[in-house]
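# Chain and residue survey
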Amino acid sequence: EPARDQAASALAGRRAEIRAATVTAFFDVLTAQERLRLAQDSVGLAQTATRAAANRVAAGKVSPLEETKARVAEAGIRVELMQAEGTLRSARQQLAALWGNPAPRFTQVDGAVDRLPAMASEQDVAGRMAAAPVVRQARLEVERRKALSDLERARRIPDVTVSLGAKRVPASEGETGSSRRNQVVLGLSVPLPIFDTNRGNVAEALSREEKARDDLVAAELQLGTEVAQASERLRSAHATAETLQRDALPGAESAYKAATKGFELGKFSFLEALDAQRTLFQVRAQYLLALADAHRAAGDLDRLLGNEGSEGGDISPATTTAPVAR
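All of these numbers come straight from a predicted model, not from anything done at the bench.

A tally of helices and strands in the protein chain yields 6 helices and 4 strands. Tracing the protein chain from N to C terminus, the helices and strands come up as α-α-β-α-α-β-β-α-α-β. In the protein chain, which comprises 326 residues, the proportion classed as buried is 35%. Across the protein chain, every contact between residues at least 6 apart in sequence was considered, and the portion connecting residues at least 24 apart equals 79%.

Below, the structure is given as structure tokens:
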């Protein structure tokens, strides 16, 4: 029974690990897709700026240095685009590897990139820690070792053997008839444990049971530390993402739109438009990083606590233009 429960607990823990890894890999792909989109927008703006600078140089309105600066900036942004493409390819491969496909055939995943995972209360986390896979495994191991210790103790008591039979004996004096008669025989055998008291096996079993109890305490302490760290990372990433979304992103987007329009109308220089664009890119990148950290921390909590159905971990199916090969 304990061995069966241990196998079931190990299976539940493995499922939680796979689910957490899948959720994390999914949102890594989702955020990588968004970063690629931002890089593509940046390259588009840089190309427009380079063409505008070249036209102004040709018209003799600005120094050729302006065109050189524009081309250098465009080259740097193209490097960032290539890095974003590489990050997306790596994220897609890691996600597809979870279902055994090293060469993903899907083109993109579909989901709400701005969706933050839900924050669990301290009471909820504390309640789930008692049923966490690693703690349940350690507790079942204590029960198994205790059962083995009880068995070794029981072997110290000799087994009493009772036998029942019959034998024929000569007839007693004065009896008539047959010269022999049947007699019931009852036997009782009690071994004397003079040389084998099973003390060695009992001591070993008790030692293993004590070690299992120590392992249980260590597992609870380690789980508490890792859960506290993951919870703090989730709170920090959650707060960072909310702050950026509420305070930084709206202003950066407004400045970018105004600078882009002003540049197209000739009211702003290329450097002013580029600076506004770079600011938006950096803020958006920080926001995506905070989102990814939040989902990764939520996935770690699911893995540690063995939760297979958290609200914040729901993901949408991958959108594909070709069947996903296994």
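Among the nonpolar cores identified, the biggest contains 57 residues, and Leu-95, Val-109 and Val-227 are the most heavily contacted of them. Among the elements of the structure, α1 (2-58), α2 (64-97), α4 (133-154), α5 (199-264) and α6 (270-305) are those that each provide at least two residues to this core. For this core, the element with the most residues is α6, which contributes 14 residues.

On to the confidence of the model for the protein chain. Residue-level pLDDT values for the protein chain average 79, and 83% of them are 70 or greater. Within the protein chain, the element-level pLDDT minimum falls on strand β4 (residues 318-319), averaging 42, and the maximum on α2, averaging 88. Segment residues 308-326: pLDDT under 50, and 43 contacts once partners within four positions in sequence are set aside and those in other chains are kept.

Tracing the backbone through its elements, the reader meets Arg-284 in helix α6. For Arg-284, a relative accessible area of 10% corresponds to the buried category. At 3.2 Å, the side chain of Arg-284 and the side chain of Glu-34 are in polar contact.

Inspection of the entire model under this criterion finds 20 salt bridges. With its nearest N and O atoms 3.9 Å apart, the salt bridge here joins Arg-128 to Asp-302. Here Arg-128 is found in helix α3 (residues 122-129), whereas its partner Asp-302 is found in helix α6, with 174 residues between them in sequence. Summarising the burial analysis for this pair, Arg-128 and Asp-302 share the class buried. Residue Glu-204 pairs with Arg-208 through a salt bridge whose shortest N-O separation is 3.1 Å. In this pair, Glu-204 and Arg-208 are both assigned in helix α5, 4 residues apart and thus about one turn of the helix distant.

In this section: the environment of Arg-246. Tracing the backbone shows Arg-246 in helix α5. Judged by relative accessible area, Arg-246 falls into the exposed class, the value being 54%. A distance of 3.4 Å separates polar atoms of two side chains, one belonging to Arg-246 and the other to Asp-247.

Here the focus is the packing of aromatic side chains. In the structure shown here, the tally under the stated rule is 2 aromatic pairs. Here Phe-26 and Phe-27 contribute two aromatic rings whose centre-to-centre distance is 5.4 Å and whose plane-to-plane angle is 85°, an arrangement assigned as edge-to-face. Residue Phe-27 is classed as buried on the basis of its relative accessible area, which comes to 3%. Taking 6.0 Å as the distance between ring centres and 55° as the angle between the ring planes, the aromatic pair formed by Trp-99 and Phe-106 counts as tilted. Over the ring of Phe-106 we find Arg-92, and its NZ or CZ is 5.1 Å from the ring centre.

This brings us to the environment of Val-79. Mapped onto the fold, Val-79 is located in helix α2. What makes Val-79 partly exposed here is its relative accessible area of 39%. In sequence terms Val-79 and Val-43 are 36 residues apart; their C-alpha atoms lie 9.7 Å from each other.

Calculation rules
- Residues numbered from 1 in each chain as written.
- Predicted model: local features only at pLDDT ≥ 70, side-chain atom pairs only at ≥ 80, totals over all residues.
- Heavy atoms only, no water.
- Helix = DSSP H or I, 4+ residues; strand = E, 2+ residues; numbered from the N terminus.
- Buried < 20%, exposed > 50% of the residue type's maximum accessible area, 1.4 Å probe, protein only.
- Contact = heavy atoms within 4.5 Å.
- Core = buried A, V, L, I, M, F, W, Y, C linked by side-chain atoms within 4.5 Å.
- pLDDT = per-residue confidence, 0-100.
- Polar contact = N/O pair within 3.5 Å; in protein donor to acceptor, adjacent residues only side chain to side chain.
- Salt bridge = Lys/Arg side-chain N within 4 Å of Asp/Glu carboxyl O.
- Phe/Tyr/Trp six-rings, centres within 6.5 Å; stacked < 30°, edge-to-face > 60°.
- Lys NZ or Arg CZ within 6 Å of the ring centre and 35° of its normal.

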